[in-house]
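If you want the building blocks of each chain, they are given just below.
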Amino acid sequence: MQLHNKILLGLFVGAVAGVTANTFAADAVWLNWIIDNVANPVGQVFLRMLLMTVVPLVFASITLGVAGIGNIKHLGGIGGRTLAYFLFSTTVSVVIGLTLVNTFHPGAGLDPALRQQLMDTYQTQTEGLQQREVALDVSLLVNMVPRNAVQAAANMDMLAVIFFSIVFGAALTLISKDRAAPMLRLLEALGDVVIKIIDFAMKLAPYGVFGLIFVVTSRFGWNVLGELGGYVAIVVAGLFIHGAVGLSLFVKFFARRSPLEFWKKIRAVMVTAFSTSSSNATLPTSIKVAEEELGISPKVAGFVLPLGATMNMNGTSLYEGITVLFLAQVFGVDLNVGQQLVVLLLSVITAVGAAGVPGGSLPLIMVMLATVGVPAEGIGIILGVDRILDMCRTTVNVAGDLSAAAYIDRIERRPEATTAA
Ligand code: ASP
């Protein structure tokens, strides 16, 4: 059986087993034992195998990507185009989300008693989020420049790691070829070694995915999903529309590829994103699939995908817009067109700032809520369903990154692009 089918099977069997266990043995001692000693460790080992490759992979691939692009002017052109695509696709996804939530008003009918009950239940988690300080100001930009590159790597502060790698790669193109050659060869070898490690990790993927999904589905409070049914349905519908229609159209018209084939080839990436809920953890698989399945040049994949995993989160921005408006509806806060435009803008900006880890966008949503006058602790209302929605939005996030890589790859293959380099 092919690996991606095995991974899909792991996902399916894990989900069915988890939901069954949740239904018939929710609090059983043996179930907790299996979660703690089998499913979670297997899932975590898979996740960590992927995560441990992220920093060396990003450093090697961005530096090589930038050095491969060759001249700084051309790099600026590709960088500008990539960022413009990110901005465009993120804005489209937020608009889809805001249109849905304004049309269906899922928050209007939520029972105040249920609202209080959910906020009480998730109070501890809400307080935990409040302690993660975030500021939506110029410090976001300043912090992209690391004070200490090693520390940025150790904290997995990916924007800072990316900044360092871009500058490093650009500087490499400016020193003499003789001097640069050994460093380039070293980085190429580093990249190859990391890809081998990812191969090992992917052999574990069917079991790891099984473990991760089993833990989520067997512990999940399915009743909360029902109670917030309208909101969940709007988020899932929005993500589906952006993926199936928006991204498919972008793949067709920007990347000039068959959307069906695109979706088929990136299956392994989508399952990894869905089960890990982390763009960072999915990045190694994305790069591998982009190069091996989609035939995207390593130069483009190595540059666009790490940037995308950190800055381009279509699913997250759509989710943020819907969540802020939903909670405004729940608390009876009427947001006029101007305020909704602020929500749109903030959704785009915070999707860039959100960390590519499970729940990475939650602290930023709290800042957005406070900015438009909705009680930030209201986030407790949706925390019970967040993990499931995180799985879905992360899948759209990485699919968006791959669509960007496919687009830039097409542009780079044009004859005039080669001459420009
Ligand atoms: N989990 C998301 C990601 O890694 C971020 C988020 O929306 O919380 O892409």
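Residues numbered from 1 in each chain as written. Predicted model: local features only at pLDDT ≥ 70, side-chain atom pairs only at ≥ 80, totals over all residues. Heavy atoms only, no water.

Chemist: Whenever I open this one, the pattern of salt bridges confuses me. Can you help?
Modeler: Close approach of charged atoms allows side chains of opposite charge to pair. Tallied over the full model, the rule gives 10 salt bridges. Its salt-bridge partner being Lys196, residue Asp199 comes within 3.3 Å of it at the nearest N-O pair. With Asp199 and Lys196 both in helix H9 (residues 177-219) and three residues apart, the pair spans about one turn of that helix. The partner of Asp390 in a salt bridge is Arg393, and the shortest N-O contact between them spans 3.4 Å. A residue pair is termed a helical-turn pair when its members lie 3 or 4 positions apart in one helix, as Asp390 and Arg393 do in helix H19 (residues 380-413) at three residues. The residues Asp390 and Arg393 share a single accessibility class, namely buried. Put simply, Lys196, Asp199, Lys288 and Glu292 are held in one network by salt bridges that share partners. (Salt bridge = Lys/Arg side-chain N within 4 Å of Asp/Glu carboxyl O. Helix = DSSP H or I, 4+ residues; strand = E, 2+ residues; numbered from the N terminus. Buried < 20%, exposed > 50% of the residue type's maximum accessible area, 1.4 Å probe, protein only.)

Chemist: I tried to follow the nonpolar core on my own but got confused; where do I start?
Modeler: For soluble globular proteins, nonpolar side chains are generally found buried alongside one another. One finds Leu228, Tyr231, Ile266, Ile379 and Ile381 to be the most contacted residues of the largest nonpolar core, which totals 116 residues. Per-element accounting of this core gives the leading share, 17 residues, to H19. The residues touching Ile266, leaving out its near neighbours within four places in the chain, are Val289, Leu294, Ala399 and Leu402. If you look at the next biggest cluster of nonpolar residues, it comprises eight residues, including Ala21, Ala25, Ala28 and Leu31. (Core = buried A, V, L, I, M, F, W, Y, C linked by side-chain atoms within 4.5 Å. Contact = heavy atoms within 4.5 Å.)

Chemist: It is not clear to me how helix H3 (residues 72-104) should be interpreted in this structure. Could you clarify?
Modeler: For an α-helix, the turn length of 3.6 residues means that residues three or four places apart are oriented alike. Its 33 residues place the ends of H3 48 Å apart at the C-alpha level, agreeing with the 48 Å of an ideal helix rising 1.5 Å per residue. Phi for His105, located one or two positions after H3, is positive at around 45°. (Expected span 1.5 Å × (residues − 1).)

Chemist: Looking at this structure, how should I read the side chain of Thr90?
Modeler: With respect to the secondary-structure elements, Thr90 resides in helix H3. When near neighbours in sequence (up to four residues on either side) are disregarded, Thr90 contacts Asn312, Met313, Asn314, Ser317, Val348 and Ala351.

Chemist: Just checking my understanding: could you explain the site of the ligand for this structure?
Modeler: Lining the immediate environment of the ligand, one finds 16 residues, of which Ser279, Thr316, Asp390, Arg393 and Asn397 sit closest. Ser361 has a polar side-chain atom sitting 3.0 Å from an oxygen atom of the ligand. Within the side chain of Arg393, one N or O atom sits 2.7 Å away from an oxygen atom of the ligand. Compared with its free state, where it exposes 270 Å², the ligand has 100% of that area covered by protein. Of the residues assigned to the shell around the ligand, the class counts are four nonpolar, 10 polar and two charged. (Near = heavy atom within 4 Å. Polar contact = N/O pair within 3.5 Å; in protein donor to acceptor, adjacent residues only side chain to side chain. Areas by Shrake-Rupley, 256 points an atom, 1.4 Å probe, with all protein chains shown as cover. Nonpolar A, V, L, I, M, F, W, Y, C, P; charged D, E, K, R; others polar.)

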